[in-house]
Amino acid sequence: MSANPMSEHPTLPAVVIGAGPVGLAAAAHLVERGIEPLVLEAGPAAGSAVREWSHVRLFSPWVEVVDPAAEKLLAPTGWTRPDGAACPTGGDWAARYLQPLADALGGRVRYGARVTGVSRTGRDRVVDADRERQPFTVHVVNADGAEERLLARAVIDASGTWSTPGPLGGDGLPAPGERAAADRISYRVPDLKDPAVRARYAGRRTAVVGSGASAFTALASLAALARETPGTHAVWILRRGISGSTFGGGEADQLPARGALGLAAKAAVDDGHADAVTGFRVAAVERAADGLVLVGDDGRRLDPVHEVIGLTGLRPDLSFLRELRLALDERLEAPVGLAPLIDPNAHSCGTVYPHGVKELSHPESGVHLVGMKSYGRAPTFLALTGYEQVRSVAAALAGDHEAAARVELTLPETGVCGGAGLFDEPEGGASGGCCGTAADTLRIGAASPGC
């Protein structure tokens, strides 16, 4: 029978990597279970990654993005949840919930602490002898550059996928010329309220590569800019085609804001502020006198664009977990027990089977990937899913296996949950869809944003 690292080293903390929504929720659940957490956040504040898309509005309302254990921890501070029906922006979420939660956790959260490696003390991944009796060793580089090694009785990796966006290349690798053109390529939804960002795209021709909610958001944002600034034009690059599911669940979506984004995008198609090119997989990026030329793997060369926005998904950074024995799906890079439940070829976020510690476990006991990190390359994650994950994991670490197995999760149906919604006003749309197969060309227009 394997050793229980929680009972072997009861005085050591459970290390949580990342002070984002799920990492902080994990800490709250651990505190509720009497387990001391230590949250290591690479950035200077809670929700550092969320703050980078502070201008984007979620398609989930406040009632669905606040964790119950976190709310209990916040209650004594006088915190009250904002209007449950309103959808926060990323900036709202960070300032009005994540930072207060981190403040409530106090010294249990460390900023400027970037995890560079996790292993077992004195054991690389090859060594079997007495392995599970050893505490975890977590290597950290602090903001001042100093290196540190911490010991932990369990590790919960909630570091997300924000730091590793997918490349433009249709084969999953950066296309030749992509790195050399980095000064003209962005992998984020632009904040067009920022004067410098606005100047980058105003009056210019921009390609948007991707087919999910983030691509819809970028397209609608550029289309709105086009209505104000002549010469602004967008080209939507889809690797597949347009079908009835491209624009998500529409009015049938149980997350109204998510369905509204699909409907807004569909309406935008008819307005004519951009061209769409389907069945196009980027094989190369070439510089031209008047911008960048995208070359497809079928030999097609598109007209030059001034800028490119790549929104082809996100990936987990697994580099610092190499010395752990993880069981990951070969396609999604998600835990093998979870991967079949989240396969984007078969599931939207509303059809994910309820799951918890059982599906998140690995051959290396005491380590769990949670939140977006657990979904690997799948784009179907919702905050509700992550909160339920860490509730189950914390229960298991506390030895309450009945509670850990009692996973209950009801998610809104239809649509695809690959990103946040539109960005400004509370009237309008929020999420996207995925594509069909037929090649086609259409026109894309603007839409009113919001929750």
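Along each chain, the written sequence defines residue order, and numbers are assigned to residues from 1. Reporting in this predicted model follows two pLDDT cut-offs: at least 70 for local features of residues, and 80 or more for side-chain atom pairs to be given and counted; totals over whole chains, interfaces and linings ignore these cut-offs and use all residues. Here the side-chain values reflect all heavy atoms present in the structure, with hydrogen atoms and water set aside.

### Description of the sheet that holds strand 5 (residues 136-142)
Then comes step 1: Within the open sheet, the three strands sit side by side as 4-5-6. Their pairing is antiparallel. Looking at strand neighbours, the two that pair on one side only are strand 4 (113-120) and strand 6 (147-152), the edges of this open sheet. Each strand axis lies, on average, 25° off the axis of its neighbour in the sheet, ignoring direction.
Then comes step 2: Pairing analysis gives six bridges linking strand 5 to strand 6, with the strands arranged antiparallel. Counted as the bridge partner of V138 is L150 from strand 6. Only when DSSP finds a minimum of two bridges between them are two strands counted as paired. Under the scheme used here, helices are H or I runs from DSSP no shorter than 4 residues and strands are E runs no shorter than 2 residues, and both carry numbers assigned from the N terminus. Each axis is a line fitted through C-alpha atoms, taken for helices only over the stretch in contact, and angles between the N-to-C directions span 0 to 180 degrees.

### Section: the confidence of the model for the protein
Then comes step 1: With 81% of its residues at a pLDDT of 70 or more, the protein shows a mean pLDDT of 85.
Then comes step 2: Each residue gets a pLDDT score, which is the predictor's confidence in that residue and runs from 0 to 100. What makes two residues a contact is simply this: any of their non-hydrogen atoms within 4.5 Å. Taken as a whole, residues 414-450 scores under 50 in pLDDT and shows 177 contacts with residues more than four places along the chain or in a different chain.

### Considering helix 11 (residues 383-397)
Then comes step 1: Any helix carries an expected span of 1.5 Å times its number of residues minus one. Taking 1.5 Å as the rise per residue, helix 11 with 15 residues should run 21 Å; its terminal C-alpha atoms sit 21 Å apart, in good agreement.
Then comes step 2: Summary of the burial criterion: residues with accessible area below 20% of their type's maximum are buried, those above 50% are exposed, and those between are partly exposed, where the area comes from a 1.4 Å probe applied to protein chains only. Counting buried positions along helix 11 gives 14 out of 15 residues, so the element sits mostly inside the fold.
Then comes step 3: Looking one or two residues past helix 11, G399 carries a phi angle of roughly 85°, positive in sign.

### Description of the pairing of strand 1 (residues 14-17)
Then comes step 1: Neither face of strand 1 is exposed, since A14 and V16 on one face and V15 and I17 on the opposite face are all buried.
Then comes step 2: In terms of strand pairing, strand 1 meets strand 7 (residues 154-157) through four bridges, oriented parallel. Bridged to A14 within strand 7 is A154.
Then comes step 3: Bridge count between strand 1 and strand 2 (residues 37-40): four bridges; the pairing is parallel. For A14, the partnering residue across the bridge sits in strand 2 and is P37.
Then comes step 4: For the handedness criterion, the strands are oriented away from the viewer, and a crossover whose path from the first strand over the helix to the second runs clockwise is classed as right-handed. Remark: the strand 1/helix 2 (residues 21-32)/strand 2 crossover connection has right-handed handedness.

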